[in-house]
Amino acid sequence: MSNAEHLFELQSTHNPHRHFLPVEEKLSVGPPGNLFLFGGVGLASSITAMERTTGRPTIWATAQYLSYARPGEIVDLDVLVPVHGKYNTQARVVGHVGDREIFTVNAALGARPSEISAQWATKPEVARPEDCPPVDHWQEDRADLHGRIDVRVVKGRYGAARKEGGFSEDGHVVLWAKMREGLPINSSALAVIADFVPSAIGNAIGKDAGGNSLDNTIRIREVVPTDWVLCDIRIHGVHGGFAHGRMHIFAEDGTLMASASQSVILRIRE
């Protein structure tokens, strides 16, 4: 895969087990003056690094977020491959800036010959993306990551609407998402989109709220060509200052491409 297929510019080195990622504003989120690398980019770049090193597609990957990388820093991604079998590989990535560990990603990669293919999760029947309003902070004129993905609201409260009506009845949000700049939907794009789970917290509790991800797990079933993906998000519960939720990611034709889950430090912005 070339860097033209990704939001980020992951650089390879002479060592096939080491890659590095320059942290730029366009990969970051956060308030002005306090930007940090979007967690989904950390997971996505790790997936790309492991796929390059092993030559195999990702089955599942889980990231644990430990610290923040800031614009202007360079994250080194070291790929370790403790098990490489006939059909699947167990691998992990340690992403660090110098001696400061930013994230650790564990994963399994591979594919086995099988004629069985089925899914039981179903795509909700929803309006077309062009008939849905954009999420107010995912605007094309922004210089950070929010300007690089087109996100439309099918169901859920965003912006000022989050403060209306108290708790959500079902903690359910549905979004359409599309990569701008002509970028394709691939395993790394799905990993970035999987990190939208915290955006549904404000809808669930009826406040201007979100959170910092403690983890991000993605399980990839099948990646198919599609321009838009449908994100079916449910916040399962909030307690003790933490929130927990999951996402199903569907192609436009209804193919279940991936499922994801996260636990999040609850942040109230009011």
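The structure we're discussing is the one just above.
The structure contained in this document is the topic of the report that follows. Small disclaimer: the values here were computed from a predicted structure and weren't measured.

What counts and what doesn't
Residues numbered from 1 in each chain as written. Predicted model: local features only at pLDDT ≥ 70, side-chain atom pairs only at ≥ 80, totals over all residues. Heavy atoms only, no water. Helix = DSSP H or I, 4+ residues; strand = E, 2+ residues; numbered from the N terminus. Rg over C-alpha atoms; globule rule 2.2 N^0.38 Å. Contact = heavy atoms within 4.5 Å. Areas by Shrake-Rupley, 256 points an atom, 1.4 Å probe, with all protein chains shown as cover. Lys, Arg positive; Asp, Glu negative; His and termini not counted. Charge placed at Lys NZ, Arg CZ, Asp CG, Glu CD. Polar contact = N/O pair within 3.5 Å; in protein donor to acceptor, adjacent residues only side chain to side chain. Buried < 20%, exposed > 50% of the residue type's maximum accessible area, 1.4 Å probe, protein only. Pairing = 2+ DSSP bridges. Expected span 1.5 Å × (residues − 1). Phe/Tyr/Trp six-rings, centres within 6.5 Å; stacked < 30°, edge-to-face > 60°. Salt bridge = Lys/Arg side-chain N within 4 Å of Asp/Glu carboxyl O.

A count of helices and strands for the protein gives three helices and 15 strands. Taken over C-alpha atoms, the radius of gyration comes to 18 Å for the protein, in line with the 18 Å a tight globule of 270 residues would show. Pairs at least 24 apart in sequence give 68% of the contacts found in the protein among residues at least 6 apart. Accessible surface computed for the protein: about 12300 Å², of which carbon and sulfur atoms make up 50%. Distance between charge centroids for the protein: 4 Å, based on 27 positive and 32 negative side chains.

Before going further, it helps to examine the side chain of Ser187. By the element assignment, Ser187 lies in helix 2 (residues 187–193). A polar contact is formed between the side chain of Ser187 and the side chain of Glu51, at a distance of 3.2 Å.

This part covers the environment of Val23. Tracing the backbone shows Val23 in the loop between strand 2 (18–22) and strand 3 (28–29). Judged by relative accessible area, Val23 falls into the buried class, the value being 4%. Remark: the alpha-carbon pair of Val23 and Pro113, spanning 90 residues in sequence, is separated by 38 Å. Setting aside residues up to four positions removed in sequence, Val23 forms contacts with Ser28, Leu37, Ala69, Arg70, Pro71, Gly72, Glu73 and Val75.

Burial analysis of strand 10 (residues 172–179) places seven of its eight residues in the buried class, the great majority of the element. Pairing of strand 9 (residues 149–155) with strand 10, which is carried by six bridges, proceeds in the antiparallel orientation. Residue pairing in the sheet places Arg152 in a bridge with Trp176 of strand 10. Where strand 10 lies against strand 13 (residues 228–239), seven bridges are found, and the strand directions are antiparallel. Paired with Trp176 across the two strands is Leu230, which belongs to strand 13.

This part covers helix 1 (residues 39–54). Over its 16 residues, helix 1 runs 23 Å from end to end, which matches the ideal 22 Å to within 8%, given 1.5 Å per residue. Across the 16 residues that make up helix 1, a large majority, 14, are buried. Directly after helix 1, the chain includes Gly55, whose backbone phi takes a positive value near 70°.

The subject of this paragraph is the packing of aromatic side chains. In this structure the tally under the stated criterion is two aromatic pairs. A centroid spacing of 4.9 Å and a plane angle of 50° characterise the contact between Trp138 and Phe196, whose relative ring orientation is tilted. Here the residue Trp138 occupies a position in the loop between strand 8 (100–110) and strand 9, and Phe196 occupies one in the loop between helix 2 and helix 3 (201–205), the gap between them amounting to 58 residues. A relative accessible area of 6% places Trp138 in the buried class.

Our next topic: unusual backbone geometry. Comment: phi is negative for the bulk of residues other than glycine, and the bulk of peptide bonds are trans. Even without a glycine there, the phi angle at Glu181 is positive, about 65°. On the secondary structure map, Glu181 appears in the loop between strand 10 and helix 2.

Attention now goes to the pairing of strand 5 (residues 58–65). Across seven bridges, strand 5 lies against strand 8 in antiparallel orientation. Along strand 8, the bridge assignment pairs Tyr65 with Phe103. As defined by bridge partners, strand 5 adjoins strand 12 (residues 215–220) across five bridges and the pair is classed as antiparallel. From the neighbouring strand, Thr62 faces strand 12, where its bridge partner is Thr217.

A few words now on the pattern of salt bridges. Counting across every chain of the model gives 15 salt bridges. Residue Arg18 pairs with Asp78 through a salt bridge whose shortest N-O separation is 2.6 Å. Of the two residues, Arg18 is situated in strand 2 and Asp78 in strand 6 (residues 74–84); the sequence distance between them amounts to 60 residues. Residue class for Arg18 comes out partly exposed when judged on its relative accessible area of 29%. Where Arg100 meets Glu73, a salt bridge forms, and the shortest distance between an N and an O atom there is 2.9 Å. Of the two residues, Arg100 sits in strand 8 while Glu73 sits in the loop between strand 5 and strand 6, which places them 27 residues apart along the sequence. A relative accessible area of 22% means that Glu73 is categorised as partly exposed. Overlapping salt bridges, with partners in common, bring together Glu140, Asp150, Arg152 and Arg180 in one network.

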